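Results of the structural survey
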Amino acid sequence: DHQGHTIVAGVDWALSDDATSISVGCQQCNRIVDWDRFTEIDFTYQRERLYSIASRWNLSNILPERNSIGEPNIEILLQHGLPIGHGPDNRPGFNTSATTKPPLIQGLAAALAHSKFLVPVDYAEELRIYEVSLSVGGHASFSAPIGRNDDRVISAALCWYAMSHVPWLMS
């Protein structure tokens, strides 16, 4: 059904106490068309699952989170020739920080509310409980409540970013 369409993915890495989530989106259909979520497997197997998805969907762009554990994974993905997208700093992957996370999440929220971006029902609970908190200084903090996960929210936000920020490959 997606022959000739631009298919991208967002990846939120985890090793323990959280899940790795991969969201695959079709730019023309404006929706997540495939997804994977798994816990407690090492990065070698996580990358193998991503390689399988990349091959199955012929991904045009993969935007993984770059923070800490993401950076070495991105290096290996690049060595394997995967099409790794760039974040706002024009480096491979997306570095989630106090300055980049608010526009990332706000972009997803706007897409869900106004652009008719469709996500699977499996994402509903995480999206529903995701919260923004304001500090005394007025700085916004975005996260899941303590003890809850936000991996699908982040992978969906990265997928939306990849779908809506062209060109992806800056090098």
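Everything below is about the structure printed above this text.
What you are looking at is a predicted structure, and each value in this text was computed from that prediction instead of being measured.

This paragraph deals with the sheet that holds strand β1 (residues 7-12). Spatial strand order, β3-β2-β1-β4: four strands in an open sheet with mixed pairing. In this open sheet, the two strands that pair with only one neighbour each are β3 (31-38) and β4 (61-64). Averaged over all pairs of adjacent strands, the angle between strand axes in this sheet comes to 15 degrees, irrespective of strand direction. Sheet analysis places β1 next to β4, joined by four bridges and oriented parallel.

Here is a general trend for soluble globular proteins: nonpolar side chains tend to be buried in one another's company. Judged by nonpolar contacts, the single largest core of 22 residues is most densely connected at Ile105, Leu108 and Phe117. Dropping the residues within four chain positions of it, Leu108 is found in contact with Phe117, Leu127, Val153, Ala156, Ala157 and Trp160. Among the nonpolar cores identified, the runner-up in size contains 21 residues, and Ile7, Ile22, Ala54 and Leu82 belong to it.

Moving on, we get to the packing of aromatic side chains. In this description, a pair of aromatic rings is defined by centroid distance and the angle of the planes. Under the criterion given, the structure shown has four aromatic pairs. Centre to centre, the rings of Phe94 and Tyr161 are 5.2 Å apart; their planes meet at 75 degrees, and the pair counts as edge-to-face. Of this pair, Phe94 sits in the loop between α2 (70-79) and α3 (101-114) while Tyr161 sits in helix α5 (residues 151-164), and the two are 67 residues apart along the sequence. No difference in accessibility class separates Phe94 from Tyr161, as the two residues are buried. Summarising the aromatic geometry, the rings of Phe117 and Trp160 are spaced 4.9 Å apart at their centres and angled 50 degrees between planes, so their arrangement reads as tilted. With Phe117 in the loop between α3 and α4 (124-129) and Trp160 in helix α5, the pair connects residues that are 43 residues apart, well separated along the chain. Both residues of the pair, Phe117 and Trp160, belong to the buried class. Above the face of the Tyr123 ring, Arg152 is positioned so that its terminal group lies 5.7 Å from the ring centre.

Right, let's get into the pairing of strand β2 (residues 20-26). Counted residue by residue, β2 has seven buried out of seven residues, so it is predominantly covered. Along β2, one buried face is formed by Thr20, Ile22, Val24 and Cys26 and the opposite face, lined by Ser21, Ser23 and Gly25, is buried too. One ladder, built from six bridges, connects β1 with β2; its direction is antiparallel. Across the sheet, residue Ala9 finds its bridge partner in β2, namely Val24. Pairing geometry for β2 and β3, over seven bridges, is antiparallel. The partner of Ile22 across the bridge, within β3, is Asp36.

Rules used throughout
- Positions within a chain are numbered from 1, following the residues in the order the chain's sequence is written.
- Owing to the predicted nature of the model, reporting of local features is limited to residues with pLDDT of at least 70; listing and counting of side-chain atom pairs is limited to 80 or more, with chain, interface and lining totals taken over all residues.
- Water and hydrogen atoms were dropped before computing side-chain values, which therefore reflect all heavy atoms in the structure.
- The criterion for strand pairing is that DSSP finds at least two bridges linking the strands in question.
- Each helix is a run of DSSP H or I of at least 4 residues and each strand a run of E of at least 2, with the numbering of both proceeding from the N terminus.
- Where helices are involved, their axes are fitted lines through C-alpha atoms of the stretch in contact, as for all axes, and angles between N-to-C directions lie from 0 to 180°.
- Within this scheme, the nonpolar core is defined by two criteria: the residues are buried Ala, Val, Leu, Ile, Met, Phe, Trp, Tyr or Cys, and they are joined through side-chain atoms within 4.5 Å.
- Buried means the residue's accessible area, taken with a 1.4 Å probe over protein chains only, is under 20% of the maximum for its type, while exposed means over 50%, and partly exposed covers the values in between.
- Contacts are assigned to residue pairs that have any heavy atoms within 4.5 Å of one another.
- Stacked, tilted and edge-to-face are the three classes applied to pairs of Phe, Tyr and Trp rings, where Trp contributes its six-membered ring and a pair requires centres within 6.5 Å; stacked means planes under 30 degrees apart, edge-to-face means over 60, and tilted covers the rest.
- Either the NZ atom of lysine or the CZ atom of arginine qualifies as a charge over a ring when it sits within 6 Å of the ring centre and within 35 degrees of the ring normal.

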